Amino acid sequence: MPSRTRPIQKVALAVSHCSTETSVYGKCIVSDYNAVHKDKCLKEFMKLKNCYLIGVFYLILLWYLPNQSTKTTQGTAHYSPTSPSQHRNDPDRHVWPTPEPTKLRHSIATNTEAEADSSPEQIYQLVTGLIEEDLLFLLAVNLWRLPFESRKDTQVIFSYVFRFRPTTASPKSDPIALSYVVNQRPQVLLELCRGYDHKESATPAGSVLREVLKSESAAAAILYDDGDQPGSSSKGLSVIDRDRKQTGTGVFWKFFEWVDKSSFEVSADAFTTFRELLTRHKELVPRYLSVNFDLFFDKYNSILVQSNSYVTKRQSIKLLGEILLDRSNYSVMTAYVDRGEHLKISTVVFIPFLGGQNR
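The text that follows walks through the structure, step by step, so that each part is easy to find. Within each chain, residues carry numbers counting from 1 in the order of the written sequence. The predicted origin of the model limits local features to residues at a pLDDT of at least 70 and limits the giving and counting of side-chain atom pairs to 80 or more, whereas totals for whole chains, interfaces and linings rest on all residues. Only hydrogens and water are set aside; all other atoms, that is, all heavy atoms of the structure, feed into the side-chain values.

For the rest of this paragraph, the subject is the nonpolar core. We define a nonpolar core as any set of buried Ala, Val, Leu, Ile, Met, Phe, Trp, Tyr and Cys residues linked to one another through side-chain atoms lying within 4.5 Å. Three labels apply to residues, based on accessible area from a 1.4 Å probe with only protein chains included: buried if under 20% of the type maximum, exposed if over 50%, partly exposed otherwise in between. Counting residues in each nonpolar core, the largest one holds 75 residues, and the members touching the most others are Phe 162, Leu 192, Phe 252, Phe 274 and Phe 296. Discounting chain neighbours no more than four positions away, the residues touching Phe 162 are Leu 136, Pro 175, Ala 177, Leu 178, Val 181, Val 188, Leu 192, Val 208 and Val 212. In this description, contact between two residues means that some pair of their heavy atoms is separated by no more than 4.5 Å.

Our next topic: the pattern of salt bridges. The salt bridge criterion pairs a side-chain nitrogen of Lys or Arg with a carboxyl oxygen of Asp or Glu, the two atoms within 4 Å. Tallying each qualifying case throughout the model produces 13 salt bridges. Here Glu 211 and Lys 214 are joined by a salt bridge, their closest N and O atoms 3.7 Å apart. For Glu 211, a relative accessible area of 27% corresponds to the partly exposed category. Note that Arg 280 is salt-bridged to Glu 276, the shortest N-O span being 2.5 Å. Under the relative-accessibility criterion, Arg 280 is labelled partly exposed at 39%. Judged by its relative accessible area of 16%, Glu 276 falls in the buried class.

So, on to the side chain of Ser 215. Starting at the N terminus, helices and strands are each numbered in turn, a helix being any DSSP run of H or I of at least four residues and a strand any DSSP run of E of at least two. Its place among the elements puts Ser 215 in the loop between α11 (199-212) and α12 (216-223). Taking the relative accessible area as the measure of exposure, Ser 215 reaches 13% and is therefore buried. For Ser 215, the contacting residues outside a window of four places in its chain are Leu 178 and His 281.

This brings us to a nonpolar patch on the surface. Together, Val 30, Tyr 33 and Val 36 line one region of the surface with nonpolar side chains, adding up to about 330 Å² of accessible area. Note on placement: Val 36 falls in the loop between α2 (19-30) and α3 (42-64). Think of a patch as exposed residues, more than 30% relative accessible area, with no salt bridge, where like charges cluster within 9 Å and nonpolar side chains (Val, Leu, Ile, Met, Phe, Trp, Tyr) cluster within 5 Å. Per-residue and other accessible areas follow the Shrake-Rupley method at a 1.4 Å probe size, with only the shown protein chains counted as cover for residues.

Moving on: the environment of Gln 187. Mapping Gln 187 onto the fold places it in helix α10 (residues 187-193). Owing to a relative accessible area of 22%, Gln 187 belongs among the partly exposed residues under this scheme. Each C-alpha atom of the pair Gln 187 and Lys 235 lies 9.2 Å from the other, and the pair is 48 residues apart in sequence. Apart from residues no more than four positions distant in its own chain, Gln 187 is found in contact with Phe 137 and Ser 234. Definition of a polar contact: a pair of N or O atoms within 3.5 Å, with one able to donate and the other able to accept a hydrogen when the atoms are protein atoms, and with sequence-neighbouring residues admitted only if both atoms are side-chain atoms. Side-chain polar atoms of Gln 187 contact the backbone oxygen of Ser 234, separated by 3.0 Å.

Where helix α8 (residues 148-163) contacts α11, the axes come no closer than 10 Å and their chain directions differ by 15 degrees. Considered as vectors, α8 and α11 are oriented roughly parallel to each other. Handedness of the α8/α11 crossing: right-handed. When α8 is examined against α11, the residues Arg 151, Gln 155, Phe 158, Ser 159, Phe 162 and Arg 163 are found in contact with a partner set consisting of Glu 200, Ser 201, Pro 204, Ser 207, Val 208, Glu 211 and Val 212. Looking at the contact of α8 with α11, its residues break down into five nonpolar, four polar and four charged. Each axis is a line fitted through C-alpha atoms, and for a helix only the stretch in contact is used; angles between axes span 0 to 180 degrees, taken between their N-to-C directions. Angle categories: roughly parallel below 35 degrees, roughly antiparallel above 145, roughly perpendicular from 65 to 115, and oblique for all the rest. What makes a crossing left-handed is the near helix being turned counterclockwise from the far one by less than a right angle; a clockwise turn instead makes it right-handed. Just so you know the grouping, Ala, Val, Leu, Ile, Met, Phe, Trp, Tyr, Cys and Pro go in nonpolar, Asp, Glu, Lys and Arg go in charged, and all remaining residues, Gly too, go in polar.

In structure tokens, the structure reads:
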């Protein structure tokens, strides 16, 4: 019969990947231990704290979320494909253990003799604790650092948490984590978008994004991000200025680069998310395109339609047709075809449509 796992052993398992942060913080403290004071080595401590939080919450999440863990090879821990020497040369990159789910649950359960079912109340407490500790943001920022199996698990965690509603909540209400993110912590969504900066995180981040983009509020948080500018969604949905033209520094405008300049795998996933942003919400997008008409179509035509990649060029022309021929975008379409510089592109876009109408 297996013995009980002591709490200190659970913590040790969860934070075993934080040795670098622990060493840096310890060296900072002992460098002048006779002058220790409040907030001494605060920067180093916060890095250590964040590492601990990710490790502990990551294990707890996989235990509590019912039947959501991605199965891995039994008895095998999965590590990043980089070599130990590469990890030593990159102190910001962690080796994240991903035990097989059954063993994982036994490792952190209070009683390992029987695996207890998680209750809705336990899940609610976990999700609210996750929000309070800002773990969603930490996971989004560090997603690319996780090894392959852990990235898949994290994708499942995000998807489950963003769908979770308490049993007492109305089915029409927004899930509590999604509501919190779009209204108070949109940086989580922005960091998921920046997952396209790394090929390791592109696919899991994209899958989570397309799930949350079913919410118009989530789409608005991404579209109206404009850094520190007044009216930017980075300060919350309530302060968005939908009539102010964007400066082009927000995360949405990076999709042009991700689609055009990234590897095929990243480009394809980024384009799928880009298309979802521009075609799903029939009231949000037309207004956004009307206000930011010049900036959007200048980038679209010069970067995507004129791309050196044949695949990107063909996909972009097809998407342009979908956008302009959508009834909700009628005013955008008329403004587009009125521009002389768009005449050649308009011909390419509309000929297939007219041909289909004549059949």
